[in-house]
Amino acid sequence: MGITYEDFLDLEYEPTDEDLVCTFRIDPATGMSTEAAASRVASESSNGTWAALQTGADFTDMGATTFDIDGDLIRVAYPAGLFEPGNMPQVLSCIAGNIMGMKAVDTIRLLDCEWPESVVSAYPGPLYGSSVREEIFGVTDRPITATVPKPKVGLSTAAHAQVGYDAWVGGVDLLKDDENLTDQAFNPFSDRLTESLSLRDDAEDETGEKKSYLINVTADTQTMLDRVDEVAAQGGEYVMVDIITAGWAGLQTVRERTEKHGLAIHAHRAMHAAFDRLPSHGVSMRVLAQISRLCGVDQLHTGTAGLGKLANEDTVGINDWLTGDLYGTTDVLPVASGGLHPGLLPDLLDATGTNVCVQLGGGIHGHPDGTRAGAVALRSAIDAYVEGRPITEAAEETPELAVALDKWGTETPR
Ligand SMILES: O=C(O)[C@H](O)COP(=O)(O)O
Ligand SMILES: [Mg+2]
């Protein structure tokens, strides 16, 4: 028995319920037919290589099959047995591994995956998902809100916590660390945790509302686990992980530990654009979101439907996937963040619906009257939207919102 590229292309093949089906867009190299490139994608991502191989009796065929070619789109079916149960790095070493750099294609993009139940069931999925709104904050009718103090790094521990306090009492639900704030000398992790949770308690007393803190535990895996334990011991409800830079293995290990403590995971996606920004190459944000759900994040940044400062692909489609059914697993709460301000909220929430977390950094702290006023403006805009009122009407009663709308209007920042 030998294996050659041709063995990985079968346009008559019908995927089974056990197969993981991946859709790729490919641009074959000069002189390479689509069929030849497509068969190489299936080969290199499963059990083939550039040379024809001889196999003997002690061999389980874990070959993938390209079963559909439609212009530059190809679909590849992978047998579930190719994948180690619950090992996301291993899955990605198949479906987004060597093929991303192989010369048979000038570009290749993993656009979408259809995950079989046999693969999904080996992952924990989120502990809370969008139920954080109700379970942590007791909120059912509105998006929850978050804010990142700005400047994103450099604030002292006391100043950072004070910004959190001002935002909480102004009406924000969640204080969030920025993606590059972890444990630096100007604002050490442990001090920040203690001081912020102390002011959180004050803000809860003052407002009568539940408040919480997304503290960034991102580091090497052992340090992340220590920080997760510390957050739980101090009475936090969440940890935040930069899931792309920390890596899927680290995230999976953190997810095991957060389960033990009942903590939720807020996932920041910094560096995702290295994979998904160029439309013809890499791994789509849609697939990164799917992987995040399997690995068990509760909240995930998914963009702002084109309204904010960051380049976005299909925010609405991704959010639908994250909140849709996946064999009964818990959903994920989408987080809209990056260049938002109150004037953009109606269009944003029209696009995403209200089962989201809305995060404003500059859109709160850049308010001419400061953080607390910025937080009041955000909350007023959210409440008006949920009540079905124009935010311009709410601005007549809430001067903080009027000032924000006057400053930013409905412009999309860059
Ligand atoms: O981490 C984030 O989500 C960003 O720092 C958002 O900041 P911005 O609201 O000022 O764009
Ligand atoms: Mg940020």
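Cut-offs used in this document
Throughout, residues of each chain are indexed from 1 in the direction in which the sequence is written. Written order decides the labels, with chains lettered from A and ligands numbered from 1. This being a predicted model, a pLDDT of at least 70 is required before a residue's local features are given, and a value of 80 or more before pairs of side-chain atoms are given or counted; all residues contribute to the totals for chains, interfaces and linings. Values reported for side chains reflect all heavy atoms of the structure, with hydrogen atoms and water molecules removed beforehand. UniProt positions are given in the numbering used here, feature names are shortened, and annotations may be inferred rather than shown by experiment. Working definition: helices are DSSP H or I runs of at least four residues, strands are E runs of at least two. Numbering for both runs from the N terminus. Just to be clear, the radius of gyration here is over C-alpha atoms, and the globule rule we use is 2.2 Å times residues to the power 0.38. In what follows, residue pairs with any heavy atoms lying within 4.5 Å of each other are defined as contacts. Only the protein chains shown count as cover for residues, with accessible areas throughout obtained via the Shrake-Rupley method and a probe of 1.4 Å. His is not counted here, nor are the chain ends, while Lys and Arg score as positive and Asp and Glu score as negative. For the purpose of locating charges, the reference atoms are NZ of Lys, CZ of Arg, CG of Asp and CD of Glu. All axes are obtained by fitting lines to C-alpha atoms, using only the stretch in contact for helices, and the reported angles, taken between N-to-C directions, cover 0 to 180 degrees. By definition in this entry, angles of less than 35 degrees are roughly parallel, angles greater than 145 are roughly antiparallel, angles of 65 to 115 are roughly perpendicular, and the rest are oblique. Ten residues, namely Ala, Val, Leu, Ile, Met, Phe, Trp, Tyr, Cys and Pro, are considered nonpolar, four, namely Asp, Glu, Lys and Arg, are considered charged, and the remaining ones, Gly among them, are considered polar. Each residue's exposure class comes from its accessible area (1.4 Å probe, protein chains only) as a fraction of the maximum for that residue type: buried when under 20%, exposed when over 50%, partly exposed otherwise. Distance and chemistry together define a polar contact, namely a pair of N or O atoms within 3.5 Å, with one atom able to donate a hydrogen and the other to accept it when in protein, and with adjacent residues in sequence counting only for side-chain atoms on both sides. Rotating anticlockwise by less than a right angle from the far helix to the near helix defines a left-handed crossing, while the corresponding clockwise rotation defines a right-handed one. A pair of strands is treated as paired once DSSP finds two or more bridges between them. Because water is not among the atoms used, a metal site may look incomplete, as its donors are only the N, O and S atoms within 2.8 Å, or 3.2 Å for Na, K and Ca. For this analysis, a ring pair means two rings from Phe, Tyr or Trp (six-membered ring only for Trp) whose centres lie within 6.5 Å, classed as stacked if their planes differ by under 30 degrees, edge-to-face if by over 60, and tilted for the remaining angles. The criterion is that NZ of a Lys, or CZ of an Arg, lies within 6 Å of the ring centre and within 35 degrees of the ring normal, and then a charge sits over that ring. What a helix should span is 1.5 Å times the count of its residues minus one.

In the nomenclature of an unreviewed UniProt entry, the chain is known as Ribulose bisphosphate carboxylase of Haloferax marisrubri. Here is the UniProt Sequence similarities (unreviewed entry) comment for the chain, exactly as written: "Belongs to the RuBisCO large chain family. Type III subfamily." Listed under Subunit (unreviewed entry) in UniProt, the entry text for the chain is "Homodimer or homodecamer. In contrast to form I RuBisCO, the form III RuBisCO is composed solely of large subunits."

**Student:** Where do I start with the overall build of the chain in this structure?
**Tutor:** When its secondary structure is counted, the chain shows 17 helices and 15 strands. Against the compact-globule benchmark of 22 Å for 414 residues, the chain has a radius of gyration of 23 Å, which places it among compact chains. Restricting the contact set of the chain to residue pairs at least 6 apart, pairs at least 24 apart contribute 76%. If you sum the accessible surface of the chain, you get close to 16,500 Å²; carbon and sulfur atoms cover 48% of it. Where the 28 positive side-chain charges of the chain centre and where its 64 negative ones centre are 6 Å apart.

**Student:** Mind showing me how you'd approach the packing of helix 2 (residues 88–95) against helix 9 (residues 248–261) here?
**Tutor:** Geometry of a packed helix pair, given as the angle between the helix axes and the separation of the axes. Relative orientation of the contacting elements helix 2 and helix 9 amounts to 155°, with a least axis distance of 8 Å. Put simply, helix 2 runs roughly antiparallel to helix 9. In contact with Met88, Pro89 and Leu92 of helix 2, helix 9 contributes Trp248, Ala249 and Gln252. Of the residues in the contact of helix 2 with helix 9, the class split is five nonpolar, one polar and no charged.

**Student:** Whenever I open this one, the UniProt feature "binding site: Mg(2+)" (unreviewed entry) in the chain confuses me. Can you help?
**Tutor:** In the UniProt entry, the feature "binding site: Mg(2+)" (unreviewed entry) is given for Lys176, Asp178 and Glu179. Considering the arrangement of structural elements, one finds lysine 176 in strand 8 (residues 174–176). Exposure remark for lysine 176: the relative accessible area of 1% places this residue in the buried category. Setting aside residues no more than four positions away along its own chain, lysine 176 makes contact with Thr147, Val148, Pro149, Leu214, Met240, His266, His268, His301 and Gln359. Residue placement: glutamate 179 occurs in the loop between strand 8 and helix 6 (189–207). A distance of 2.6 Å separates a polar atom in the side chain of glutamate 179 from a polar atom in the side chain of lysine 152.

**Student:** Mind showing me how you'd approach the packing of helix 13 (residues 345–352) against helix 15 (residues 371–387) here?
**Tutor:** Relative orientation of the contacting elements helix 13 and helix 15 amounts to 50°, with a least axis distance of 10 Å. Considering their axes alone, helix 13 and helix 15 lie oblique with respect to each other. Pair helix 13 / helix 15 crosses with right-handed handedness. Taking contact as the criterion, the partners of Leu345, Pro346, Leu349 and Asp350 in helix 13 are, on helix 15, Leu378, Ala381, Ile382 and Tyr385. When the residues that make up the contact of helix 13 with helix 15 are grouped by side-chain class, the tally is seven nonpolar, no polar and one charged.

**Student:** Help me understand the sheet that holds strand 4 (residues 65–70) in this model?
**Tutor:** To summarise the sheet geometry, strands pair through backbone hydrogen bonds and adopt either a parallel or an antiparallel arrangement. Taken in spatial order, the five strands of this open sheet run 4-5-2-6-12, and their pairing is mixed. Two strands close off the open sheet at either side, each with one partner strand: strand 4 and strand 12 (282–283). The sheet contact formed by strand 2 (residues 20–28) and strand 5 (residues 73–78) spans six bridges and is antiparallel. Paired with threonine 23 across the bridge in strand 5 is arginine 75. Contacting strand 6 (105–114) and strand 12, helix 11 (residues 285–295) runs over the sheet at an angle of about 45° to strand 6.

**Student:** What exactly am I supposed to notice about the pairing of strand 4 here?
**Tutor:** Pairing of strand 4 with strand 5 involves five bridges; the strand directions are antiparallel. From the neighbouring strand, isoleucine 69 faces strand 5, where its bridge partner is isoleucine 74. Hairpin connection between strand 4 and strand 5: a loop of two residues separates the two successive antiparallel strands, and glycine 71 in this loop has a positive phi of roughly 65°.

**Student:** Explain the coordination of the magnesium ion (ligand 2) to me, please; I cannot follow it from the model alone.
**Tutor:** Tetrahedral metal sites with four donors have an ideal angle of 109.5 degrees; octahedral sites with six donors have ideal angles of 90 or 180 degrees. Around the magnesium ion (ligand 2), the protein contributes the donor atoms Asp178 (OD) and Glu179 (OE), at 2.0 to 2.1 Å from the metal centre. The pair aspartate 178 / glutamate 179 is uniform in exposure class, with both members buried.

**Student:** Honestly, the packing of aromatic side chains in this entry has me stumped. Any pointers?
**Tutor:** Scanning the entire structure with this criterion turns up one aromatic pair. A centroid spacing of 6.2 Å and a plane angle of 55° characterise the contact between tyrosine 78 and phenylalanine 83, whose relative ring orientation is tilted. Judged by its relative accessible area of 7%, phenylalanine 83 falls in the buried class. A cation sits over an aromatic face here: arginine 227 above phenylalanine 189, 5.0 Å from the ring centre. The cationic tip of arginine 293 hangs over the ring face of tryptophan 321; the distance from NZ or CZ to the ring centre is 5.4 Å.

**Student:** Help me understand the environment of arginine 109, please; the structure alone is not making it clear to me.
**Tutor:** Note on placement: arginine 109 falls in strand 6. Separated by 38 residues in the primary sequence, arginine 109 and threonine 147 place their C-alpha atoms 33 Å from one another. Side-chain polar atoms of arginine 109 contact the backbone oxygen of proline 279, separated by 3.3 Å. Only 2.7 Å separates the side chain of arginine 109 from the backbone oxygen of histidine 281, close enough to count as a polar contact.

**Student:** Can you walk me through helix 9 in this structure?
**Tutor:** The periodicity of an α-helix, 3.6 residues per turn, causes residues three or four places apart in sequence to face the same way. Helix length check: helix 9, at 14 residues, gives a terminal C-alpha distance of 20 Å against a target of 20 Å (1.5 Å per residue), a fit within 8%. The inward-facing, buried residues of helix 9 abut helix 2, helix 7 (221–233), strand 10 (238–242), helix 8 (243–246), strand 11 (264–268) and helix 11. Among the residues trailing helix 9, glycine 262 stands out with phi positive, at a value near 70°.

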